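Structure assessment
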Amino acid sequence: MATAVRSRIRTLKIDGRDVSAREDETILELAEENGIFIPTLCRIEGLSLVGACRLCLVEVAGMNKLVPACLTYATEGMEVFTDSERLRNYRRMILELLFSEGNHICAICVSNGKCELQALAQRLGMDHVRFANLQQERLVDMTHERFVVDRNRCILCARCVRVCDEIEWAHTWDIKGRGVDARVITDLDTPWGESDTCTSCGKCVRVCPVGAIVEKGRAVGEMAKRHDFLPHLAKMREAKK
Amino acid sequence: MSKAPSKVTVATVWLDGCSGCHMSLLDMDERLIEIAKAVDIVYSPLVDRKTKDYPEMVDVAIVEGAISSSEDIEKIHMIRAHSRILVALGDCAVAGNVPTMRNPYLVKDIESRAYIENVNVQPQVPDQVVPKLLPFVRPIHEVVPVDVFVQGCPPSADTIYFVLSELVAGRTPDLTQRTRPGA
């Protein structure tokens, strides 16, 4: 007697297109697979998903609230919309709020021209920021021998926290405080240069999407970053567990 | 000297910026000649002004620089009132940019640094002629409405040429894929 085989494939619609997904696939992955652009800043291949930046919010038919594409799995018969006036407005507003929280002066940043936030602002057509800058005091830590953290440029994507914990297994980075008071910290909010957990591996520098965690001695526009090592290392770590 | 009445009147203004945006405007090279056929520069730090004061009404005001002083506030209100289209040219005008780097500090500390600590002769904070600094440097659109935002530090000559060409043709330039902050 044949037993019913549970299908691991889901069929659904994205922007009116019929697509099929594995049951463990997120909307964001599925969209990318099908050449549909959904913006994101916190998601990075090889690290866990946190839904911190909210830029990948999408609409799902039958749901009132918007859902983050990076954390929403494909279900049978689902209808997803990735591009609407409402989503464009929210995405632009999120970007503008990020710009208004800190110091994102591209012209004087080591990551100018190599920054994911800047690239996204251009791609999403953010020609100015409607919100006044919060003029917050955020500390720059230059105590580390090779690296700098400029919290004024941080967008709290938590990539540094995740790569340090999940790949390097050092867990030097964390986030302290809530809302506009949230800051990335090293150890127990002690100077990075005095950290006894930091291995100086530099992975946090590589994954930081902006000019917040950078190498010392870089001038404007010089801080190119590569994080193509990440998926491979993530697999090795997974195998070790 | 006959002046074609159909020419678009343009004013350019320099607030708290480095004049780099005006330099980039000049960097249009020979295209300036083409532009000059369609526009009449009626007020600008780049030319001998035909009028000492800002004209009653200009078609396009191109403003470089952020709002940093009491004088900037007065000027930008005056410009807005006497201009049909206001263009914020460059990152200082659009976002504050480099001049905003003084925002974390108190004005009195900045003045003290500039006029007292680093001065050998007659250290004193000026109380006349030099305009009063505002507590914070702000982008133009936080003070008056802006019609066109041209990002870049400075925006390239190509970008400025595109902006002017579009405005002369009566269109609103779409700059989203042509420039970016820090470009």
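Quick notes on the rules
- Residues numbered from 1 in each chain as written.
- Chains lettered and ligands numbered in written order.
- Predicted model: local features only at pLDDT ≥ 70, side-chain atom pairs only at ≥ 80, totals over all residues.
- Helix = DSSP H or I, 4+ residues; strand = E, 2+ residues; numbered from the N terminus.
- Rg over C-alpha atoms; globule rule 2.2 N^0.38 Å.
- Buried ≥ 20, exposed ≤ 12 C-beta atoms within 10 Å, placed from the backbone.
- Contact = placed C-beta atoms within 7 Å.
- Nonpolar A, V, L, I, M, F, W, Y, C, P; charged D, E, K, R; others polar.
- Expected span 1.5 Å × (residues − 1).
- Arc of directions from axis to C-beta.
- Pairing = 2+ DSSP bridges.
- Domains from an automatic or database assignment.
- pLDDT = per-residue confidence, 0-100.
- Axes fitted to C-alpha atoms, helices over the stretch in contact; angles between N-to-C directions.

1. Topic: the overall build of chain B
The number of helices and strands found in chain B is six helices and seven strands. When the helices and strands of chain B are listed from N to C terminus, the series reads β-α-α-β-β-β-α-β-α-α-β-β-α. Taking 183 residues into account, the globule formula puts the C-alpha radius of gyration at 16 Å, and chain B, at 18 Å, falls close to it. Across its three principal axes, chain B shows a C-alpha extent of roughly 55 × 40 × 30 Å. Taking all 183 residues of chain B together, the buried fraction comes to 37%. If you take every contact in chain B between residues at least 6 apart in sequence, the share linking residues at least 24 apart comes to 80%.

2. Notes on the interface of chain B and chain A
Chain B puts 19 residues into the contact, and the matching count from chain A is 16 residues. Ranked by residues supplied to the side of chain B that touches chain A, first place goes to helix α4 (residues 91-95) of chain B with three residues. For the side of chain B that touches chain A, the per-class residue count stands at nine nonpolar, seven polar and three charged.

3. What about helix α2 (residues 85-101) of chain A?
Residue pairs spaced three or four apart in an α-helix point in one direction, given the helix's 3.6 residues per turn. Residue and element names in this part refer to chain A. With 17 residues, α2 should cover 24 Å at 1.5 Å per step; its first-to-last C-alpha distance of 24 Å lies within 8% of that length. Of the residues making up α2, those classed as buried are Arg91, Leu95, Leu98 and Phe99. Along the axis of α2, the buried positions cluster into a sector of 100°, meaning they face one direction only. Among the exposed residues of α2, those pointing more than 90 degrees away from its buried face are Glu85, Arg86 and Asn89. On the buried face of α2, the contacting elements are α3 (116-123).

4. A short note on unusual backbone geometry
Glycine aside, a negative phi is what most residues show, and trans is what most peptide bonds show. Of note, the amide linkage connecting Cys153 of chain B to Pro154 of chain B takes the cis form, showing an omega dihedral of -10°. Position of Pro154 of chain B relative to the elements: it lies in the loop between β7 (148-150) and α6 (157-168). A positive phi angle, near 55°, is found at Leu156 of chain A, a position not held by glycine. Within the element layout of this structure, Leu156 of chain A appears in the loop between β7 (147-150) and α4 (159-167). The phi dihedral of Val129 of chain B is positive, around 65°, even though this residue is not glycine. Checked against the element boundaries, Val129 of chain B lands in the loop between α5 (107-117) and β6 (133-138).

5. Concerning the sheet that holds strand β5 (residues 79-81) of chain A
Residues and elements named next belong to chain A. Read across the open sheet, the five strands follow the order β2-β1-β5-β3-β4; overall the sheet is mixed. Since the sheet does not close on itself, it has two edges, and those belong to β2 (17-22) and β4 (67-68), each with one partner. As judged from the two bridges shared by strand β3 (residues 57-60) and β5, these two strands associate in the antiparallel manner. The residue bridging Val60 from the neighbouring strand is Val80, located in β5.

6. Observations regarding the domain arrangement of chain A
Residues and elements named next belong to chain A. The domain boundaries assigned to chain A delineate domain 1 (9-83) and domain 2 (88-222). Of note, the centres of domain 1 and domain 2, computed from C-alpha atoms alone, are 26 Å apart. With 12 residues of domain 1 in contact, the opposing surface of domain 2 contributes 17 residues. Of the residues that constitute the side of domain 1 that touches domain 2, the class distribution is 10 nonpolar, one polar and one charged.

7. Looking at the confidence of the model for chain B
For residues with low pLDDT, the predicted coordinates do not support detailed interpretation. Across chain B, the average pLDDT comes to 93, with 96% of residues at or above 70. Among the scores for the predicted complex, ipTM is 0.91 and pTM is 0.93.

8. Some remarks on the pairing of strand β1 (residues 9-14) of chain A
Residue and element names in this part refer to chain A. In terms of strand pairing, β1 meets β2 through six bridges, oriented antiparallel. Across the sheet, the residue bridging to Ile9 is Arg22, located in β2. As consecutive antiparallel partners, β1 and β2 are separated by two residues, and within that stretch Asp15 has a phi angle of approximately 50°, a positive value. Across two bridges, the pairing between β1 and β5 is parallel. Considered in β5, the bridge of Ile14 is made with Val80.

9. Describing the pairing of strand β5 (residues 83-89) of chain B
Residues and elements named next belong to chain B. For β5, a buried count of five out of seven residues is recorded, marking the element as mostly surrounded by other parts of the structure. Pairing of strand β3 (residues 58-64) with β5, which is carried by six bridges, proceeds in the parallel orientation. Within β5, the residue paired with Ile62 across the bridge is Val87. Where β5 and β7 come together, three bridges link them in parallel fashion. By the bridge assignment for β7, Ala88 is matched with Phe149.

10. Remarks on the sheet that holds β7 of chain B
All names here are of chain B. Here we have five strands laid out as an open sheet, ordered β2-β1-β3-β5-β7, and parallel in their pairing. Of all strands in the sheet, those bounded by a partner on one side alone are β2 (39-43) and β7. Geometrically, the sheet is characterised by an average inter-axis angle of 25° between neighbouring strands, direction not taken into account. Running at roughly 135° to β5, helix α3 (residues 70-81) makes contact with β1 (8-14), β3 and β5 of the sheet.

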